[in-house]
Structures are given as C-alpha cells and as structure tokens.
Amino acid sequence: MSDVADFQKVLEPGYIGKVRLRNRMIKTASGSSLIEKDGTIGDRIIAWYEAMAKGGIGLIIFETTSIEHPRGSHRPKAAARLSDDSYLPGFSNLTEAVHKHGCPIFIQLMHSGAWYAPNQDPPGDRISASTIPPEELPGEAFAPPRGLSLNEVEEMIDKFATAAVRAQQAGFDGVEINGSHYHLINSFLSGWWNRRHDEYGCDSHENRARFMCSIIREVKNRCGSDFPVDILINAVEFGLPYGATTLEDSKIFAKFFEEAGADSIQLRTDGFGEFNGSLHLDRFFYPELPEHLKVKELDWTRRGKGVAVPLATEIKKAVSIPAYVASRLDPVIGEEYLREGKLDFIGMTRRLIADPELPNKVAAGRYEDVAPCAGCLWCWHNRLQNLPLKCRVNAAMGREREYEIKPAEKKKKVLVVGGGPAGLEAARVAALEGHDVTLVEQGRRLGGLMPMAALVKDLEMDSILDQVRYFTRQIRQAGVTIRLKEPVDRESVQAEKPDVIILANGGTYDVPDIPGIDSAKVIRADKLHRQLKSAMNFFSIPVLARLTRAWMPVGKRVVIIGGETQGCQLGEFLVKRGRQVTIVDTAKELGEGLLTDDPWRLFRWFKEKGVALYPGVRYEEINSEGLVITTNGGERKTLVADSIITALPFKPDTSLLRSLEGAAASVYQIGDCRQPGYMYDAVDDGSRVAREIQSL
C-alpha cells in the first residue's frame, strides 16, 4: 500500500471529547529517559516531541509522568514528573512547540504504587490498594506495599487532580490517567491486589472502579467538562493465582469510567510471573511463542501484530466513547482494523521512534519511504538502563537538533566504500546534505551482513530486509551513485579523486588459536558466510530460511565457539533446524550483547531444548571426536561434535585504511572496520561521520 486512498480511514480526522485529531494515529505514552537530570523538561526532549508533531501525528500523549516524586515513579531518575509547580515552565515550552505544528498533546499521569524497576535505588515506602506480604509478591519488580488508608486514598485523588490542573495550566489539551500495568490505580481494579472491604474494596466492580472514577470526576470538576480525560487500563491480567482482571471485568469497568466522564479508553494487557514483560512489547515470538501465551483472548495470526486488538474491540462494544490500543500496529493493518470498526484510533510509539515523519509520508502517498521499525527493542534496552532512547534505524532519535539535515555550504565529492548499514547511512546523510556521493560495494548486493542477519534472526527477518530496502531506496532517491561488484584499491580510489573517503568495509573474522582449528570438522565463520552469500545468488532469504529447515551442510551435533550475541543467535537458528547444540566461551557469562530482556527468554528456551552451555572454559584442542575443553570447574571434557562452528565478534580491519593513506584530504573509518559492534553502532557511526563533512 502506498496510495493515499489506501489509508482513507487512518487519515480521517477524529475526536476525543472536543479535541480534534487530524488523523487516527496516536503517539501513545512511553518513557524516553530524555528528561534533564533534575527532572525538568529541556530542549532535548522538546525537540523529539516537536519532530513527531511536525511529522503529522494526530495526537501526542506525553510519556509517563508521576504525580508524586520520588515515590510515584518506578524510575524516579528517568521519569518525567508533575508533582509541583516548578516543572510547569518546561512543560509550557513543550506544549508550545507541539502546538506550532497543529498537533494536540495530552499528558499521561501515573503513580507506580508497589512497582519499581529493579535497577533503581531502594524503593522505600510503596503503596497499594492493600497490604501484600513479601512472600506473595508476584515478581522481583515489586516492593512489599502497604495498603492506603481512606484519608490517603482521598489524598491520592487530590494529587491526580492537582497534577491535571497543572497540565492544563501548562497548555496540555487533555490528560491520560494510567491505570494499567502494575500501577497504583490497577491495584484497586485488580481482584488480586485489592483485598479491602470498604467503598474502594474488592466486594463489587463498582467499588473496585471507584478510585479511578473519583479521579476522573475530580479532574473534570477542576479542569472543566470539556477538558478531555483519556484512561488507560489492563483489559486482561494474566499470571495471578486468583482475582485477576478478566475481559468481562474490564467491560463493566469501562461503563463506570464512561459514566464518570472519561472521553476515551486505551487498552493494554499485562501479566505477572511468567507473563511479566511478555505482553506489552514486541518480542512475543523470541525465540518462540511460549505455550502460556497461547490464550484465547489474544490474536496470534499476525505474529504479534494486533495481538491485543480483540480485547479493545470487545470493550469498544460496551461503551460509546472511542477505544484504541497500541499493539505493534502500523498504518496498513491499522487501516484494516479501522475500516472493520474494531478500533477508533491506532496507537504507536516505536514506529515513530524509527520515523517521526511516518504520518506525513502516509498522507503524501510515500509509505515506501517510511523507515521501518524492526521491533528489535534496542530503544527499550536503553530505557531499561535509564539511558535516553536510541534507535537502530534512526540515528537522530533524541538528537534532532544536532542531527538536523542542513545543506552543505561547500559541495564535496564523497566516496563511501562498503554497502552495509554504516556505509548506507553515511551515503544517505551525505547525499541529503548536498554532497556528490558514490558508494562502492565489492559484493553483488547492498546490505552487508544484514541479509545474513535476517536469515539467522527469523523473528526479525522481514523487518531487517525492509531496512535494507529502505536504505537502498533512500540513497537512490538522494542521488547516490551505486557501483556493485567492484573491489577497491588505491589505484581505483585515486581515479575517483574524492575529497572525502568513508571506509565501511567491515571487520575481519576472528579465528581462535586452538590446536586442530584447521580440522575438517570446523566451519569457520568466514567460510560459512561465503557459502551463504553464494546461496543468496540463487535464492531469496525467505526461501533460504525454508530450505535450511530441510538441509544444511552442518552435522547433527554442533559445538559453537563463541557465546556472545553471534553465537547465541546462531545457536537459536540451529536448534530450530533440529541440531543438538552446545555453546562454549572463555567468558564467565554468556549472552554478551543480547538486549536486556532477551537473555532470560533465550536461556530458558535453551534449557527447554537441551542446549548445553559452557561459560568460562579453556580451549584445549580439536580432535576427531570434537572440542576438548577445561570447564570453569577444572574438569577436562570432550564435547562430541559432528561440526564445530566459530561465531566470534569481528576484529577491526585497518588494512584498507593504511593502503589509502593520503588518497584524499579526509579519510574516515566507520562501522566494524573501525570498532566492531551492532547495527545500531554502525548506523550511528555512519550518520555521525557524514555530518562531520560539513565542518571540513
């Protein structure tokens, strides 16, 4: 889909209360860690929100903002706050910047209750609807909370309403009240957390809903009936031993909230225990969809896209106010849901992190130019560490002012060597700034190792290939001259007479120094990559992925040397193709480089599949039986193998740099040839260096 007519419903204006949205796309609230150290709103976070407003989004809901500091946030060092008037000036600057582009903006108000992030300072006093003994807590991310007294409940209602008044004073067009996930309000809605027996207690749906209803009414009372209140709740809770919120419960709650004055309702679904963290992010199928998530309430037909839409649709039937969800939606499937009447709006955040101009591109019939979100959760990886959001495909995320594309004052001739992610991004940015750019790639196609990564990382296959197509389209449109199957040496470079050379030719393969490494059993990474590249001359990546499930030149018993990201992902790939896998590494821990939430998923799955893991080993030799190691416990052990595969991180490669010394006024190295890393590092490197050309 690319024609504007294909997105008729997505581009249709809509209303929440009396606030008009110019289209049906909503940027939902999600923390960015872009606030200043003192909790104020500064230029960096304003620039990001302004970029989305300028990009055409229908409504922005500003990220999770605590009404009480520090107790009210599970991430007090990295969360926005509206707990007193001192924060108003920054928020006023934010709303002014967003409104300049004709975009309304709400703010999400929350109190985290018993929930706190494990990497935070000791949580101190945590509160909930009821006191919960430590031994009953459903996970490590909760401190034992004490139940609020009736007076404290009234105080909390006042704090929510006072924060809403501040939001209105700062120029926000409405508020969202967060009663989802594990927050304070949800502890009243949930029949497991709520063990009270007063007017806010568990004895009836009306009582359980009373806290949220009271907040809605008080906000309307103080801010006016025309000031919109959006609410966010869990449609369903999973993983609690009893009393968890069901879809039928949420339908009843939704009616109470509408009667109290709510103008719209956003639905989420979340869980505890083994469900924790599995339901509101994108990696449902990493490494495979677990059995406990195969529940009737969720729709897995699109591999996680729209998984929670059936919940929102059912609640939409129960109320007359708009209902929507953020559920890995994009404009294509969002259009389908809107046309079918299943949703009133579509929520998204990570799509806009990847490309804040997505709505404008859709409206202009340029959907093919939207930078694709891979659902890799590199952004979330940073957020979990209280670091500013970053994106694997959008290097300008959080640096919109610094990375603004500016026309070059002096046009230069730029030669980019290498067509991987670093080279593609460098060529794209340099060309957009007005330079004369040529990209030379010695292989037959662009993308570097990305196509192979797509093959191995089947969860992200389509999105990685989409990213290759996106970068390729962008550099072609920007006027980059592309030359494939062309090796580079000093003579060929001097013939180009470039002003600037950007080397993105990749790193070198690391081969461990083990006696017997030249054995026929050993499949070195460089050989494996050559075989795959050769196969890609005849088959597409999706076809290759299917073929490798039937046959591969790899034995049944495989030992992988290397336990960082490369080895772990290869192990996952081989297990899915019926191999008996063992992973070894000299490091004391395996999984270096995996994103924050991935190790516990992957290593649990490895255990279920019988994968043997040996960290902290010493390599002794490779013989006719397999790999001989000394374990971290001092035991000498032979790991029997039909095939031994090396899967180690790359090493820097300066050979081409040395050979081209003096061939141009400026020569840069970027990506793996400079410092081996991951796709984010490569794209970031390319973007940074291309912008430095301006200052030469």
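Everything in this summary refers to the structure shown in the same document. (Residues numbered from 1 in each chain as written. Predicted model: local features only at pLDDT ≥ 70, side-chain atom pairs only at ≥ 80, totals over all residues. Heavy atoms only, no water.)

### Focus on the overall build of the chain
Argument step 1. Within the chain, the secondary structure is distributed over 21 helices and 26 strands.
Argument step 2. At 27 Å, the chain has a C-alpha radius of gyration in line with the 26 Å of a compact globule built from 696 residues.
Argument step 3. Along the longest, intermediate and shortest principal axes, the C-alpha atoms of the chain span 80 × 65 × 45 Å.
Argument step 4. A burial count over the chain gives 60% of its 696 residues as buried.
Argument step 5. When contacts within the chain are restricted to residue pairs at least 6 apart in sequence, long-range pairs at least 24 apart make up 70% of them.
Argument step 6. Carbon and sulfur atoms make up 48% of the accessible area of the chain, which amounts to about 27100 Å² in all. (Helix = DSSP H or I, 4+ residues; strand = E, 2+ residues; numbered from the N terminus. Rg over C-alpha atoms; globule rule 2.2 N^0.38 Å. Buried < 20%, exposed > 50% of the residue type's maximum accessible area, 1.4 Å probe, protein only. Contact = heavy atoms within 4.5 Å. Areas by Shrake-Rupley, 256 points an atom, 1.4 Å probe, with all protein chains shown as cover.)

### Brief notes about the sheet that holds strand E14 (residues 413-417)
Argument step 1. Spatially, E16-E15-E14-E17-E26 is the arrangement adopted by the 5 strands of the open sheet, whose pairing is parallel. Every interior strand has two partners, whereas the edge strands, strand E16 (481-484) and strand E26 (666-669), have only one. When strand polarity is set aside, the average angle formed by the axes of neighbouring strands in this sheet is 15 degrees. (Pairing = 2+ DSSP bridges. Axes fitted to C-alpha atoms, helices over the stretch in contact; angles between N-to-C directions.)

### Details of the pairing of E14
Argument step 1. Burial analysis of E14 places 4 of its 5 residues in the buried class, the great majority of the element.
Argument step 2. Inspection of the sheet shows E14 paired to strand E15 (residues 436-441) by 5 bridges, in the parallel sense. In the strand pairing of E15, valine 414 is matched with valine 437.
Argument step 3. Of the crossover connections in this fold, the one passing from E14 over helix H12 (residues 421-432) to the parallel E15 is right-handed.
Argument step 4. Where E14 and strand E17 (residues 500-503) come together, 4 bridges link them in parallel fashion. Note on E17: the bridge partner recorded for valine 414 is valine 500. (Right-handed = clockwise from strand over helix to strand, strands pointing away.)

### Remarks on the sheet that holds strand E24 (residues 636-640)
Argument step 1. Spatially, E22-E23-E24 is the arrangement adopted by the 3 strands of the open sheet, whose pairing is antiparallel. The open sheet is flanked by strand E22 (618-622) and E24, the only strands paired with a single partner. Direction aside, neighbouring strands of the sheet carry axes that sit 25 degrees apart on average.
Argument step 2. Pairing of E22 with strand E23 (residues 626-630), which is carried by 4 bridges, proceeds in the antiparallel orientation. Bridge pairing in E23 links isoleucine 622 to leucine 627.

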